[in-house]
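Single-letter residue listing:
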Amino acid sequence: MINESIKKLVQYGLETGLIEKEDEIYALNRLLEVMGEDSYEEPMQTFENVDLESTLNELLDEAVSRGLLENDSITYRDLFDTKLMDCLMPRPSEVVRRFNDLYRESPKKASDYFYKLSQDSNYIRRYRIKKDMRWTVESDFGDIDISINLSKPEKDPKAIAAAGKAKSSSYPKCLLCKENVGYAGRVNHPARQNHRVIPLTINQTSWGFQYSPYVYYNEHCIVFNGEHVPMKIERATFVKLFDFIKFLPHYFIGSNADLPIVGGSILSHDHYQGGHYTFAMEKAPFEKKITIPGYEDVEAGIVKWPLSVIRIRHRDETRLIDLAEHILNKWRGYTDEAAFIFAETDGEPHNTITPIARMKDGIFELDLTLRNNITTDECPLGVYHPHAQYHHIKKENIGLIEVMGLAVLPARLKEELALLKQYILEGKDIRSNEKLAPHADWVDEFLPKYSDINKENIMDILKKEVGNVFVHVLEDAGVYKCTPQGREAFMRFIKTL
């Protein structure tokens, strides 16, 4: 059985182009070593269109039976199957060389190759990504993307216990550091032997280009600083964003804000996220055009979007960099007590920006989302953060991906929505179920809107209402509301420019 499984995995490497014919024996011998096997008999059977997930599971089950895994849990299986995939991986220098050769033909050919490699290598686990629930919901701001993230594996209790006892290590310093390439991993850090990075220079500094293993959208990439330095939004940020757009003009790129609450999950390592995807925010039109003194040649305006966004456009990106720096500096120091916007309290800064850059029809475009992370006794998680009434759907920070109009919702909602469907159809008391009780007020609010609820339409109704909640969450994150008073306050800031 093990010989068949090894042969299948080698065949997978040949079919995907991870290895070539000359690598076949070498890859096979590497796999024998990892499996603790020192002999091999060539199976008579030939294999085609090999399914990676089932082949890896065969080898993992065999490894468990041989005592090669500490225990049969998803954490240890992931560590071990990455070790198996390493036997098929090209060296980093080969990947970089191939990328650069294709880049000379076209940037898109290069990114297509690298994205395919990142999936074929099982760094991006296609079979897990498929499990994510995704749908779109119509709104006043366009079609909003909703996803329930099911591809990140849940930690099992044994692995959590083992991680608690594991010796602390500061290598690699974080999940974004370049030292992750080829790293074997440990119980509290994923294996990365199948991970590759393309080096690039932006703003005359060394950075890396890779894909996210969880691909929240098409070709979801990460661009990270070669050094482990914290996030910072400044003039250099805009220079780097546009340097990347010039490198891969078919991609967008954006940065999380650099303050807690309104920032991303990793503020300790400077990085951006991009990809080949059109979000609702990009499609959103100007709600009101504005002219900024000294930048009359730059097309500018407030975007029709639940968050507070200034869009600027020009053929010369240096004009956008200059104007973005001007807007950022003004916003950093801006206070408007009537609109409950404070630049700082007790010396703690609150104002920052979430920027997103792209090229459209040969014109550079930059969206500047105004953010503020002030907290109060009533809103301890943030005034411009999802309010408590929506925490049953979304409690986490509104980072770059959500700002652009894609909800990344917790995995628990898959089960909770299925249960809600059952309880609503059967007329059961939602408050009687501990898991569902937090949804009860929400259900009471939307149910009367629908005269006919049946098993054919109930899930569509639930999905639509989840989407409506997410739009409200985005509105909560907007420092200026989409109301006459909110727009009046927004214009007070615009006038300071």
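In this report, the structure presented in the accompanying data block is examined. (Residues numbered from 1 in each chain as written. Predicted model: local features only at pLDDT ≥ 70, side-chain atom pairs only at ≥ 80, totals over all residues. Heavy atoms only, no water.)

Regarding the overall build of the protein
Quick note on the threshold: Helix and strand assignments come from DSSP, with helices taken as H or I runs of at least 4 residues and strands as E runs of at least 2, each series counted from the N terminus. The globule rule used for comparison is 2.2 Å times the number of residues to the exponent 0.38, while the radius of gyration itself is calculated over C-alpha atoms. Think of it in three bands: residues with accessible area under 20% of the maximum for their type are buried, residues over 50% are exposed, and the middle band is partly exposed, with areas taken using a 1.4 Å probe on protein chains only. With residues, only the protein chains shown are counted as cover, and all accessible areas are computed by Shrake-Rupley using a 1.4 Å probe. Working convention for charge: Lys and Arg count positive, Asp and Glu count negative, and His plus the chain ends are omitted. For the purpose of locating charges, the reference atoms are NZ of Lys, CZ of Arg, CG of Asp and CD of Glu.
Of the regular secondary structure elements, the protein holds 16 helices and 15 strands. Expected size for 497 residues packed as a compact globule is a radius of gyration near 23 Å; at 25 Å, the protein falls within 12% of this value. Each principal axis of the C-alpha atoms in the protein carries an extent, and together these give about 80 × 60 × 45 Å. Across the 497 residues that make up the protein, the buried fraction comes to 55%. Carbon together with sulfur atoms contributes 49% to the accessible area of the protein, which is approximately 22700 Å² in total. Once the 63 positive and 77 negative side-chain charges of the protein are each reduced to a mean point, those two points are 2 Å apart.

Concerning the sheet that holds strand β4 (residues 205-211)
Keep this limit in mind: By definition, two strands form a pair when at least two bridges between them are found by DSSP. Geometry is summarised by axes, namely lines fitted to C-alpha atoms with helices restricted to the contacting stretch, and by angles between N-to-C directions that run from 0 to 180 degrees. Contact between two residues is taken to exist if any of their heavy atoms lie within 4.5 Å; hydrogens are not considered.
Overall, antiparallel pairing links the 10 strands, which are arranged β3-β4-β5-β7-β6-β13-β14-β10-β9-β8 in an open sheet. Since the sheet does not close on itself, it has two edges, and those belong to β3 (198-202) and β8 (286-290), each with one partner. For this sheet, the mean inter-axis angle between neighbouring strands, taken without regard to orientation, is 25°. In terms of strand pairing, strand β13 (residues 351-360) meets strand β14 (residues 363-372) through 10 bridges, oriented antiparallel. Counterpart to A357 in the pairing with β14 is L366. Contacts from helix α6 (residues 107-120) reach β3 and β4 within the one sheet, and its direction differs from that of β4 by about 60°.

As for the pairing of strand β1 (residues 133-139)
Inspection of the sheet shows β1 paired to strand β2 (residues 142-148) by 7 bridges, in the antiparallel sense. Note that in β2 the partner of S139 across the bridge is G142. Counted along the chain from β1 to the antiparallel partner β2, the turn is 2 residues long.

Comments concerning the pattern of salt bridges
Stated formally: When a carboxyl oxygen of Asp or Glu lies within 4 Å of a side-chain nitrogen of Lys or Arg, that pair is called a salt bridge.
All told, the structure shown has 44 salt bridges when counted by the stated rule. E396 is the partner of K394 in a salt bridge, and the nearest nitrogen-oxygen pair spans 3.8 Å. The closest approach of N and O atoms between E465 and K449, which form a salt bridge, is 3.0 Å. Here E465 is found in helix α15 (residues 458-477), whereas its partner K449 is found in the loop between α14 (440-446) and α15, with 16 residues between them in sequence. Using a relative accessible area of 4% as the deciding quantity, one classes E465 as buried. A relative accessible area of 54% means that K449 is categorised as exposed.

Quick look at the sheet that holds β2
If you trace the 3 strands from one edge of the open sheet to the other, you get β1-β2-β15, paired in mixed fashion. Two strands lie at the open edges of the sheet, namely β1 and β15 (406-409), each paired on one side alone. The average undirected angle you get between the axes of adjacent strands in this sheet is 20°. Sitting on the sheet, helix α13 (residues 412-426) is in contact with β1, β2 and β15, with an inclination near 100° to β2.

With respect to the packing of helix α3 (residues 52-65) against helix α4 (residues 74-86)
For clarity, the cut-off: Oblique is the label for every angle not falling under 35 degrees (roughly parallel), over 145 degrees (roughly antiparallel), or within 65 to 115 degrees (roughly perpendicular). Crossings are classed by handedness, with left-handed meaning an anticlockwise turn of the near helix from the far one by less than a right angle and right-handed meaning a clockwise turn. Residues are grouped as follows: Ala, Val, Leu, Ile, Met, Phe, Trp, Tyr, Cys and Pro are nonpolar; Asp, Glu, Lys and Arg are charged; all remaining types, including Gly, are polar.
One way to put it is that α3 packs onto α4 with a least axis distance of 10 Å and a crossing angle of 115°. Considering the angle they form, α3 stands roughly perpendicular to α4. Crossing geometry of α3 relative to α4 is assigned as right-handed. Together, L52, L56, N57, L59, L60, D61, A63 and V64 of α3 and R77, F80, D81, L84 and M85 of α4 make up the contact between the two elements. Of the residues contributing to the contact of α3 with α4, the split by class is 9 nonpolar, 1 polar and 3 charged.

Some words on the nonpolar core
Where we set the bar: For this analysis, a nonpolar core means a set of buried residues of the types Ala, Val, Leu, Ile, Met, Phe, Trp, Tyr and Cys, connected via side-chain atoms within 4.5 Å.
Ranked by size, the top nonpolar core spans 101 residues in total, and within it L9, F209, F244, I312 and Y480 carry the most contacts. Not counting chain neighbours up to four residues away, the residues in contact with Y480 comprise P306, S308, W331, Y334, A339, I341, L370, G486, R487, A489, F490 and F493.

Regarding α6
Test applied: A helix's residues, less one, multiplied by 1.5 Å, set its expected span.
Look at α6: 20 Å from first C-alpha to last across 14 residues, which is about the 20 Å you get at 1.5 Å a residue. Downstream of α6 by a residue or two, N122 has a phi angle that is positive, lying close to 70°.

Concerning the packing of aromatic side chains
As a reminder, the rule being used: When two rings of Phe, Tyr or Trp (its six-membered ring) have centres within 6.5 Å they constitute a pair, described as stacked for plane angles under 30 degrees, edge-to-face for angles over 60, and tilted for the intermediate range.
Enumeration over the complete set of coordinates arrives at 31 aromatic pairs. Ring geometry for Y480 against F490: centres 4.8 Å apart, planes inclined by 20°, an arrangement best described as stacked. Here F490 lies in helix α16 (residues 484-495) and Y480 lies in the loop between α15 and α16, a separation of 10 residues in the sequence. Judged by its relative accessible area of 0%, F490 falls in the buried class. Chaining the aromatic ring pairs together yields one cluster made of F99, Y103, F114, Y115, F209, Y211, F244, F247 and Y251.

Focus on unusual backbone geometry
Look at the link from Y171 to P172: it is a cis peptide, with omega at -20°. Tracing the backbone shows P172 in the loop between α8 (157-165) and β3. Not every positive phi belongs to a glycine, and E219 is a case in point at roughly 55°. A relative accessible area of 6% places E219 in the buried class. Within the chain, I261 stands out as a residue other than glycine whose phi angle is a positive 75°. With respect to the secondary-structure elements, I261 resides in the loop between β6 (252-254) and β7 (271-275).

Describing the side chain of D336
Structurally, D336 is set in the loop between α11 (317-332) and β11 (344-345). Among all residues touching D336, those that are not within four sequence positions of it are I341, A489 and R492.

Section: the packing of α13 against α15
Interhelical geometry of α13 versus α15 gives an angle of 125° and a closest axis separation of 10 Å. Between α13 and α15, the angle is such that the two are oblique. Crossing of α13 against α15: the hand is right-handed. On α15, the residues that touch L417, A418, L420, K421, I424 and L425 of α13 are I458, M459, L462 and V466.

In short, geometric facts, not functional conclusions.
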